[in-house]
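Structure assessment
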Amino acid sequence: VQLQASGGGLVQAGGSLRLSCAASGLAFGRYIMGWFRQAPGKEREFVAVVSGNGGTVRYGDSVKGRFTISRDNAKNTVYLQMNSLKPEDTAVYYCAAASSWNIQLIPTTALYDYWGQGTLVTVSS
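Structural notes on the sheet that holds strand 3 (residues 17-24)
- With antiparallel pairing, four strands are arranged side by side in an open sheet as 1-3-8-7. Sheet topology places strand 1 (2-6) and strand 7 (67-72) at the edges, where each strand pairs with a single neighbour. Ignoring which end each strand starts from, the neighbouring axes of this sheet average 15° apart.
- Examined bridge by bridge, strand 7 and strand 8 (residues 77-82) share six bridges and lie antiparallel to one another. When the sheet's bridge partners are listed, Phe67 is paired in strand 8 with Met82.

Quick word on the environment of Gly55
- Mapping Gly55 onto the fold places it in the loop between strand 5 (45-50) and strand 6 (57-59).
- Overall, Gly55 belongs to the exposed group, its relative accessible area being 64%.
- Residues Gly55 and Ser70 lie 15 residues apart in sequence; the distance between their C-alpha atoms is 9.3 Å.

Reading the values: the criteria
- Residues numbered from 1 in each chain as written.
- Predicted model: local features only at pLDDT ≥ 70, side-chain atom pairs only at ≥ 80, totals over all residues.
- Heavy atoms only, no water.
- Pairing = 2+ DSSP bridges.
- Helix = DSSP H or I, 4+ residues; strand = E, 2+ residues; numbered from the N terminus.
- Axes fitted to C-alpha atoms, helices over the stretch in contact; angles between N-to-C directions.
- Buried < 20%, exposed > 50% of the residue type's maximum accessible area, 1.4 Å probe, protein only.

Don't take any of this as a statement about function, it's just geometry.
This is the structure in structure tokens:
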């Protein structure tokens, strides 16, 4: 299984970026896909998750109303559209795949079976 995240970069506060995560080696449509982020010196933080058919999404409190997660099962890809970026959004962003939906475990790393390598997002003030 491979999860390849891309789309990170340097952006000014208030700007937008779209991250992509291309998956291979798994039955993509059967997996829950999530995004987490980790800033230097901090724990990995839940950002967003989408169910296998794209019908259910959840967001971390810090990104609600600014970020949108979506997926294209025909392309085995999950996206994270990030708008109104803030300096505190600066982090390495990771995509992850989980084989089962557990509402209590969604915001935790324990639910996820596979992880991508991460893509760096830097938001300047």
